[in-house]
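# Structural characterization, general
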Amino acid sequence: MFSVDQSWFVRKVIYWRAAASVAWAVVLLPPTTTVFVVLSRFSLLHPIQWISDCLDLLTSTSAIFSFILLCGVILVVGFFNLEYYTVVPSIACSKIALLGQLLHPRQFVHSLVHCILGIIVSWCCAVTIGGRYRTLGYPCTQGEGSSQMCLNEYHLFLLLAGTFIGYSHSLVGVVHNMNYVSFHTVQQYKYLCFKGTLPSIIKCSATQALYSVRNFIALYFFLGYAPKAWICKTLDLQINSSVHSLDTVAGLLDLSLLYHLWISGTFLLFTWYITVLLFRIFITEVYSFPVQSTFAEEVNQCLPKVIIGKQPMILKFLALQDLALLSQHSPSRRSEVFSLSQPGGHPHNWNALSKECLSLLADLTQRLVAHHETVATNGRAKTQSSGSSTKSTSSESSVTSGTEDLKTPRSNALIRTPGSVFMGSSMGRLRGPLTAPFTPDLDSPFSSPALRHLAASRVPSSPWFGTVQSPHIVRRCPKLWSASTDSQTHDSPPASPAPAPSPTQTEKKPSFLAQFLQNRKDQVTNFLARRGLIMYLLNKLPEATSQALFADSQSHIWALEGLSHLVVASYSEDRFGVVQTSLPSILSSMLLLQEAVDRHFKLPHASSKAARSTCSIGDSSYKTLRFALRATLKTAIYRITTTFREHLNAVQLSAEHRKRLQHFLEYKE
């Protein structure tokens, strides 16, 4: 599952943290069970007998056996928490995608196990409450006077309710991403974090149990006869006709039954929620990685090696969190980041950390640009004529090369001296993934007539098509909303004219098979588009799509914080100038990402904040990650500009980026 190099972390850290969370859940089980016993046997008119019965029950053999079963349930729940947790939420962008998650075999196993656990906990609750809930069968006398075993429907009612609550818990966990583990912005001790969350856990348990009881009563009223008849036939039990059946209105109007059902459901959900809460607290605890080590066997455990790993994701997130924290609060560890290797004098630590952070920012920028292009073309791929094939090829190569430059810091930028970076006389050309020329989609129904007329005036029949009369005549194409090149500056030479397409190029016609498949695909799409239910399931959810784009943005937030704080600290702590050599790449990556984020927030539903769930154990912080990223990005750029100020005028940037950076220097953003 994991690479050999990183198995040490899972074995020494993750497993021990999960075991500690389960141990604390078991430790909290006796006081929780005591509270349940006191509430389930509550008697205001006989307080002395109430207390005496509670003490006798807590020291009985049945209570000890029930406690052992509950400990086993806690262990199973903790195991499923360890197997199903994730630091990147799975967001369904359509109804059919959510349905696919609910019907997944992995989810089926999760639901089945929680149904069984619900039956076990409900049986323990029934034995603890006692009285009419204790056993499934009891001796009764029928009309002929013979003694037979009759079905105790109250006991069956509690068992079925536990099954229903367990299945509902599993389904709600998928809908609300209950297996998602988020990291707290403000670091707290584990006790304070648990203490602050405990009241909301109690409230959520009681509220969710109330909803589950309501839904179960409605379901049992209509379908309760089926399980009752099956149990009677399987166990050879009789139905006592002298007792009101619980699948009738008269049988369900029993306040004592509803109270015990609600208390049992609250106890079941509370024990599970406490296990989930403790697992989240322990698994997200800050872990401090060494920046460098003198022992060869510990090199794979150092921060520069760990941060470039992909699996497990919790390891990468903890490494980025540690990077953000050390960049702010640890001068001694920052000095190790700025240090040079011996022998050789290379900044390997800084190169590895900055390379991974810039790669994360470039990946997010690419993702946002691709999404915006998809939205701009209404979800269709752009169709280009043969005359523009050469232009599109050059554009794609520009995007690819620019993206590769952003994913890794430039090699020549890493070996230059700080003095070569701050040069005001020449402006280096920094191409990014957003510098490709914009090609309008003329086939789109949203294209304007003026645009079509402009394109029609440039047909191949023109005498000027395909030739260039003078080397000083340059065809100027409108650029995408990104940075301009340094050819716009006064010092750079004019760009060479774009190569004209060869007249021997002919348009490639699609094959008969491809055209046949495309026609059948269009027919199926048109057929499904006329079915309202199908389109309801297949239509994309705009807000969910925006949330999915920023689902892993917590890593980008830490990358931005770590880079910006290290750059600011290097102003006074970097003795060798290793950070200043990467300053142009860092600023360009941040500015490109800010353009992409600003562009995304202009789309519909992107700036609308999702309503937080009033009571749910599921963490909904992922719904607002895009807003946190935007604020962190702007803060990171301001942090750098307020530190370096006029020195940034000597950094090699494109004209568009320099103009945008000037807005930050003047506090206009």
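Before going into details, it helps to say that this report is about the structure given with it. Nothing here was measured: the structure is a model prediction, and the numbers come from that model. (Residues numbered from 1 in each chain as written. Predicted model: local features only at pLDDT ≥ 70, side-chain atom pairs only at ≥ 80, totals over all residues. Heavy atoms only, no water.)

### Digging into the nonpolar core
Note the cut-off: Residues belong to one nonpolar core when they are buried, are Ala, Val, Leu, Ile, Met, Phe, Trp, Tyr or Cys, and are joined through side-chain atoms within 4.5 Å. Buried residues are those whose accessible area, probed at 1.4 Å on protein chains only, stays under 20% of the maximum for their type, while exposed residues exceed 50% and partly exposed ones sit between those limits. Any two residues whose heavy atoms approach within 4.5 Å at even a single point are treated as in contact.
Of all hydrophobic cores here, the largest spans 78 residues; its most connected members are Phe 9, Phe 289 and Met 590. Each residue touching Phe 9, except ones within four places of it in the same chain, is listed here: Ile 14, Tyr 287, Phe 289, Ile 314, Leu 315 and Leu 318. By size, the runner-up hydrophobic cluster in this structure holds 49 residues, among which are Ala 126, Phe 164, Cys 204 and Phe 267.

### Some remarks on helix H8 (residues 190-223)
This is how the line gets drawn: Given a residue, its bend is the angle between the two axes fitted to the seven residues that end at it and to the seven that start from it. Under the DSSP-based scheme used, a helix requires at least four consecutive residues in state H or I and a strand at least two consecutive residues in state E, with every element numbered from the N terminus.
Of all the bends found along H8, the most pronounced is centred on Leu 198 and spans about 35°, while Pro 199, a proline, follows it within four residues. Within the sequence span of H8, burial applies to Cys 193, Phe 194, Ile 201, Cys 204, Ser 205, Gln 208, Ala 209, Ser 212, Val 213, Phe 216, Ile 217 and Tyr 220. Elements that come into contact with the buried residues of H8 comprise helix H7 (153-175), helix H9 (225-235), helix H10 (249-252) and helix H11 (255-283).

### Here's the deal with the packing of helix H23 (residues 553-573) against helix H24 (residues 583-600)
Heads up, the condition is: Between the N-to-C directions of two axes lies an angle of 0 to 180 degrees, each axis being a line fitted to C-alpha atoms and, for a helix, fitted only over the stretch in contact. Oblique is the label for every angle not falling under 35 degrees (roughly parallel), over 145 degrees (roughly antiparallel), or within 65 to 115 degrees (roughly perpendicular). Here a crossing is taken to be left-handed if its near helix is turned anticlockwise relative to the far helix by less than a right angle, and right-handed if that turn runs clockwise. Polar here means any residue other than Ala, Val, Leu, Ile, Met, Phe, Trp, Tyr, Cys and Pro, which are nonpolar, and Asp, Glu, Lys and Arg, which are charged; Gly is therefore polar.
Running from N to C, H23 and H24 point in directions that differ by 140°, and their axes come no closer than 12 Å. Between H23 and H24, the angle is such that the two are oblique. Our pair here, H23 against H24, has a crossing hand that is left-handed. Mapping the contact onto sequence places Leu 560, Leu 563, Ser 564 and Val 567 in H23 and Leu 583, Ile 586 and Met 590 in H24. Tallied by class, the residues present in the contact of H23 with H24 amount to six nonpolar, one polar and no charged.

### What to know about unusual backbone geometry
The phi angle at Asn 177 is positive, at roughly 50°, despite the residue not being glycine. When you line up the elements, Asn 177 lands in the loop between H7 and H8. Residue Asn 177 is classed as buried on the basis of its relative accessible area, which comes to 5%. Although it is not a glycine, Arg 645 adopts a positive phi angle of roughly 45°. Summarising the element assignment, Arg 645 is placed in the loop between helix H25 (625-644) and helix H26 (655-665). The exposure class of Arg 645 is partly exposed, given its relative accessible area of 37%.

### Here we look at the packing of aromatic side chains
Aromatic ring pairs are described here by two measures, namely the spacing of the ring centres and the angle between the planes. Note the cut-off: Classification of ring pairs rests on two measures: the distance between centres of Phe, Tyr or Trp rings, Trp counted by its six-membered ring, which must be within 6.5 Å, and the angle between planes, read as stacked under 30 degrees, edge-to-face over 60 and tilted in between. In this analysis the charged atom, NZ for Lys or CZ for Arg, is taken to sit over a ring once it is within 6 Å of the ring centre and within 35 degrees of the ring normal.
This model, assessed by the stated rule, comprises 23 aromatic pairs. One aromatic cluster is present, built from ring pairs that chain together Phe 157, Phe 164, Phe 216 and Tyr 220. Geometry around Tyr 154 places Arg 132 over its ring, the cationic atom sitting 4.3 Å from the centre. Sitting over the face of the ring of Phe 601, Arg 630 holds its NZ or CZ atom 4.0 Å from the ring centroid.

### Focus: the side chain of Asn 152
Note on placement: Asn 152 falls in the loop between strand E2 (147-151) and H7. Relative accessible area serves as the criterion here: at 7%, Asn 152 is assigned to the buried category. What Asn 152 contacts, discounting residues up to four positions off in sequence, is Arg 132, Tyr 133, Arg 134, Thr 135, Leu 136, Gly 137 and Tyr 138.

### Details of the pattern of salt bridges
What counts here: One side-chain nitrogen of Lys or Arg within 4 Å of one carboxyl oxygen of Asp or Glu is enough to make a salt bridge.
This model, assessed by the stated rule, comprises 10 salt bridges. A salt bridge links Asp 254 to Arg 132, with the shortest nitrogen-to-oxygen separation between them at 3.1 Å. Taken together, the residues span a long stretch of sequence, with Asp 254 in the loop between H10 and H11 and Arg 132 in the loop between helix H6 (105-129) and strand E1 (137-141) at a distance of 122 residues. Looking at Arg 132, the relative accessible area reads 31%, which means it is partly exposed. Here Glu 356 makes a salt bridge to Lys 316, at a shortest N to O gap of 2.6 Å. Taken together, the residues span a long stretch of sequence, with Glu 356 in helix H15 (residues 348-376) and Lys 316 in helix H13 (residues 313-329) at a distance of 40 residues. Both residues of the pair, Glu 356 and Lys 316, belong to the buried class. Through salt bridges that share partners, Glu 153, Lys 228 and Asp 247 make up one connected network.

### A closer look at the packing of H13 against H23
Axis separation between H13 and H23 bottoms out at 8 Å; the angle between their running directions is 30°. The pairing of H13 with H23 is recorded here as roughly parallel in orientation. Considering how the two elements wind past one another, H13 and H23 form a crossing that is left-handed. Residue-level inspection shows Phe 317, Leu 320, Gln 321, Leu 323, Ala 324, Ser 327 and Gln 328 of H13 in contact with H23, the latter providing Gln 554, Ser 555, Trp 558, Glu 561, Gly 562, His 565 and Leu 566. Considering only residue class, the contact of H13 with H23 consists of six nonpolar, seven polar and one charged.

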